[in-house]
Amino acid sequence: MIIIKSEKELQLMREAGAVTARILHELSEMIKPGITTKEVDDFVEQIILENRMIPAFKGYNGYPANACTSVNDEVVHGIPSKTRRLLEGDIISVDAGTIYKGYYSDAARTYPVGRTDEAAERLITVTRESFYEGLKFCKAGFRLSDISHAIQQYVENNGFSVVRDYVGHGIGKMMHEEPQIPNYGIPGRGPRLAAGMAFAIEPMVNEGDWQIKVMTDNWTVKTLDGKRSAHYENTVIITEEEPLLLTELSAIEGSL
Ligand code: MF3
Ligand code: CO
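Here we summarise the structure given alongside this text. Model, not experiment: these values are computed from the prediction.

In this structure, Asp106 (OD), His169 (NE2), Glu202 (OE) and Glu233 (OE) serve as the protein donors to the cobalt ion (ligand 2), at separations of 2.0 to 2.2 Å. When the donor residues of the cobalt ion (ligand 2) are listed from N- to C-terminus, their spacing reads D-x62-H-x32-E-x30-E. Pair noted here: Asp106 is in strand β5 (residues 103–112) and His169 is in strand β7 (residues 168–170), with a separation of 63 residues, a long-range link. One exposure class covers both Asp106 and His169, and it is buried.

Laid out in structure tokens, this is it:
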């Protein structure tokens, strides 16, 4: 069952999302060659606690940190580490979320570390743009797989592949609610979207093949072929009109 949120619930999710939006925005300044992924995690924690919210990831299924920091060929769920220092030319995906009065937000971005090569820039850009292709179908009346299909088409038309083993999801009182939202599929299938649904839409895009492997820490997911991967995620509310993007700073400015 897909839970329809009330106005009151959406307001709490908005507040949760605003803090996640600010974190991801500020990380683009903070991420530079020489910092460690643990320092990224500490920053995420600091902003969440300053805002009197709860880090959504810490302790989730035993996850040991506040953010996921996934570098280069790491797809998602990379665990922050004091010894992982970012190098010029790396790319890093940071995924983070907050809980405010029982309601979740969840979002991710991929950042270049200093100057990166053109292929990395293109991977990051296509991943972000694929999210916006999916967003065109985040409106009451479309079917769930219309989102999936739009993302897949855009990614593959640009020569990249979408990860199959991990998916977007409903979000609300739990980080993962129904439905699962694959980033691939044929259009016109699945439930019809309705106002008040809340989704985390999150394309994970690989430079090479879509296959992944989970490392022995049981968290870190890497590409099987060793090529790089990027991630872009926002918490989105379905309405009769344009969707509301709760975790994108440029979209929420002025509405807070
Ligand atoms: N943001 C991830 C997702 O979209 C969840 C991170 S898993 C955690 O599903 F364990 F780190 F929380
Ligand atoms: Co998510």
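This part covers the site of ligand 1. Taken together, the neighbourhood of ligand 1 is formed by 13 residues, with Asp95, Asp106, His169, His176 and Glu202 sitting nearest. One of the side-chain N or O atoms of Asp95 is found 2.8 Å from a nitrogen atom in ligand 1. Asp106 is positioned with one of its side-chain polar atoms (N or O) 2.9 Å from a nitrogen atom of ligand 1. Against a free-state accessible area of 340 Å², the protein chains account for coverage of 94% of ligand 1.

Counting across every chain of the model gives five aromatic pairs. Consider the rings of Phe131 and Tyr132, whose centres lie 5.1 Å apart with planes at 90°: the pair is edge-to-face. Aromatic pair Phe131 and Tyr232: ring centres 5.5 Å apart, planes at 50°, arrangement tilted. Of this pair, Phe131 sits in helix α3 (residues 118–135) while Tyr232 sits in the loop between β13 (229–231) and β14 (234–237), placing them 101 residues apart in sequence. Owing to a relative accessible area of 0%, Phe131 belongs among the buried residues under this scheme. According to the relative accessible area criterion, Tyr232 is buried, its value standing at 7%. Here a set of aromatic residues connected by ring pairs shows up, and it is made of Phe131, Tyr132 and Tyr232. Just above the ring of Tyr184 sits the side chain of Arg164; from NZ or CZ to the centre is 4.7 Å. Its guanidinium or amino end placed over the ring of Trp210, Arg164 lies 4.9 Å from that ring's centre, counting from NZ or CZ.

As a further point, take the nonpolar core. Leu27, Ile31, Ile92 and Val94 are the most contacted members of the largest nonpolar core, which has 40 residues in total. The element that contributes the greatest number of residues to this core is helix α1 (residues 7–30), accounting for eight residues. With residues near it in sequence (within four places) discarded, Val94 still touches Leu24, Leu27, Ile31, Val40, Ala67, Cys68, Thr69, Ala107, Ala108, Arg109 and Tyr111. Grouped together as the second largest cluster of nonpolar side chains are 26 residues, Leu135, Ile201, Val205 and Tyr232 included.

Among the secondary structure elements, Thr223 is positioned in strand β12 (residues 221–223). With relative accessibility at 1%, the residue Thr223 sits in the buried group. A distance of 3.2 Å separates the side chain of Thr223 from the backbone nitrogen of Gly226, its partner in a polar contact. Among the polar contacts made by the side chain of Thr223, one reaches the main-chain carbonyl oxygen of Lys227 at a distance of 2.6 Å. Leaving out residues up to four positions away in the same chain, Thr223 has contacts with Asp73, Val75, Asn206, Gln211, Ile212, Lys213, Arg228 and Ser229.

The subject of this paragraph is the pattern of salt bridges. Going through the model one piece at a time under the given rule, you end up with 10 salt bridges. Of the charged contacts, one joins Glu242 and Lys139 as a salt bridge, the two residues approaching to 3.2 Å between their closest N and O atoms. One end of the pair, Glu242, is in the loop between β14 and β15 (244–245); the other, Lys139, is in the loop between α3 and α4 (144–157), and 103 residues separate them in sequence. Residues joined in a network through salt bridges with shared partners are Asp117, Glu207 and Arg228.

To continue, consider α4. Under the 1.5 Å per step criterion, the end-to-end length of α4 is 21 Å for 14 residues, consistent within 8% with the ideal 20 Å. Among all positions of α4, only Leu144, Ser145, Asp146, Ile147, Ser148, Ala150, Ile151, Gln152 and Val155 are buried. Against the buried residues of α4 lie α3, β6 (161–162), β8 (177–181), β9 (198–201) and β10 (204–206).

Taken N-terminus to C-terminus, the directions of α1 and helix α2 (residues 37–50) make an angle of 145°; their axes are 10 Å apart at the nearest point. The chirality of how α1 crosses α2 is right-handed. Between α1 and α2, the contacting residues are Val19, Ile23, Glu26, Leu27 and Met30 on the first element and Glu39, Val40, Phe43, Val44, Ile47 and Ile48 on the second. A breakdown of the residues in the contact of α1 with α2 according to their chemical character gives nine nonpolar, no polar and two charged.

Calculation criteria
Residues numbered from 1 in each chain as written. Chains lettered and ligands numbered in written order. Predicted model: local features only at pLDDT ≥ 70, side-chain atom pairs only at ≥ 80, totals over all residues. Heavy atoms only, no water. Donors = N, O, S within 2.8 Å, 3.2 Å for Na, K, Ca; no water. Helix = DSSP H or I, 4+ residues; strand = E, 2+ residues; numbered from the N terminus. Buried < 20%, exposed > 50% of the residue type's maximum accessible area, 1.4 Å probe, protein only. Near = heavy atom within 4 Å. Polar contact = N/O pair within 3.5 Å; in protein donor to acceptor, adjacent residues only side chain to side chain. Areas by Shrake-Rupley, 256 points an atom, 1.4 Å probe, with all protein chains shown as cover. Phe/Tyr/Trp six-rings, centres within 6.5 Å; stacked < 30°, edge-to-face > 60°. Lys NZ or Arg CZ within 6 Å of the ring centre and 35° of its normal. Core = buried A, V, L, I, M, F, W, Y, C linked by side-chain atoms within 4.5 Å. Contact = heavy atoms within 4.5 Å. Salt bridge = Lys/Arg side-chain N within 4 Å of Asp/Glu carboxyl O. Expected span 1.5 Å × (residues − 1). Axes fitted to C-alpha atoms, helices over the stretch in contact; angles between N-to-C directions. Left-handed = near helix turned anticlockwise from the far one by under 90°. Nonpolar A, V, L, I, M, F, W, Y, C, P; charged D, E, K, R; others polar.

Take it as geometry only, folks, not as evidence of what the structure does.
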